[in-house]
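For reference, the chains in residue letters:
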Amino acid sequence: MFIGFGLLALYVGQRLAIGTPVRMGPGYVPRMLSLILLGLGALVCILAVVNGSEPVERPKWKPITLVTIGIVCFGLLFERAGLIPALIVLVTIASLAGEEFKLTEVIGLIVALAVLCTLVFKVGLGMNIYVLRGVW
């Protein structure tokens, strides 16, 4: 996977100017990150061949699916409804992916994330985002 993403990044960014470490072009960082991915992939492959491998467990489709759906819903709701509703939907859907669902923990997480994200992105960074569309 690392090697695949590294090769894909090299292919996509091949026309970007690289520049030098002192005067970096737009392709410098993507090229270096793709080379790091290739190196990590090679290291993982070598270690797997030398040390052997453990049996691979079957993918758990419920968490993968629910977390992906939560992220997609967050992206769709963020512009339309604002940060708070998007966070509520994301945390609620993603928390259903776990083995146990405790409503009080989910509500606490929603409140903590809503306060933290509002303070960081809206107040601290002054980003032009809706916290609650039509209100703030």
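## Some remarks on the packing of helix 1 (residues 2-12) against helix 2 (residues 28-51)
Step number 1: The N-to-C vectors of helix 1 and helix 2 enclose an angle of 155 degrees; their axes lie 7 Å apart at closest approach. In terms of their interaxial angle, helix 1 and helix 2 are classed as roughly antiparallel. The chirality of how helix 1 crosses helix 2 is left-handed. Here helix 1 contributes F2, I3, F5, G6, L7, A9 and L10 to the contact with helix 2, which in turn contributes R31, S34, L35, L37, L38, L40, G41, A42, V44 and C45.
Step number 2: When grouped by side-chain class, the residues that make up the contact of helix 1 with helix 2 number 13 nonpolar, three polar and one charged.

## What about the pattern of salt bridges?
Step number 1: One pass over the structure, following the stated rule, counts one salt bridge.
Step number 2: Among the salt bridges present, the one from E100 reaches K102, with a minimum N-O distance of 3.6 Å.

## Some words on the side chain of K122
Step number 1: Relative to the assigned elements, K122 resides in helix 5 (residues 103-124).
Step number 2: Despite its burial, K122 pairs with no opposite charge, the nearest such side chain being E79 at 11 Å.
Step number 3: Here the side chain of K122 touches I129 through a polar contact of 2.8 Å, landing on its backbone oxygen.
Step number 4: Ignoring sequence-local partners within four residues, the contact set of K122 consists of C117, M127, I129, V131 and W136.

## Side note on helix 2
Step number 1: Taking 1.5 Å of rise per residue, 24 residues should cover 34 Å, and helix 2 covers 34 Å from first to last C-alpha, within 8% of that figure.
Step number 2: Of all the residues in helix 2, the buried ones are Y28, S34 and G41.
Step number 3: Looking at the packing, one finds that the buried side of helix 2 touches helix 1.
Step number 4: Looking one or two places after helix 2, you find G52, whose phi comes out positive at around 80 degrees.

Here is what the cut-offs are and how they apply
- Residues numbered from 1 in each chain as written.
- Predicted model: local features only at pLDDT ≥ 70, side-chain atom pairs only at ≥ 80, totals over all residues.
- Heavy atoms only, no water.
- Axes fitted to C-alpha atoms, helices over the stretch in contact; angles between N-to-C directions.
- Helix = DSSP H or I, 4+ residues; strand = E, 2+ residues; numbered from the N terminus.
- Parallel < 35°, antiparallel > 145°, perpendicular 65-115°, else oblique.
- Left-handed = near helix turned anticlockwise from the far one by under 90°.
- Contact = heavy atoms within 4.5 Å.
- Nonpolar A, V, L, I, M, F, W, Y, C, P; charged D, E, K, R; others polar.
- Salt bridge = Lys/Arg side-chain N within 4 Å of Asp/Glu carboxyl O.
- Buried < 20%, exposed > 50% of the residue type's maximum accessible area, 1.4 Å probe, protein only.
- Lys, Arg positive; Asp, Glu negative; His and termini not counted.
- Polar contact = N/O pair within 3.5 Å; in protein donor to acceptor, adjacent residues only side chain to side chain.
- Expected span 1.5 Å × (residues − 1).

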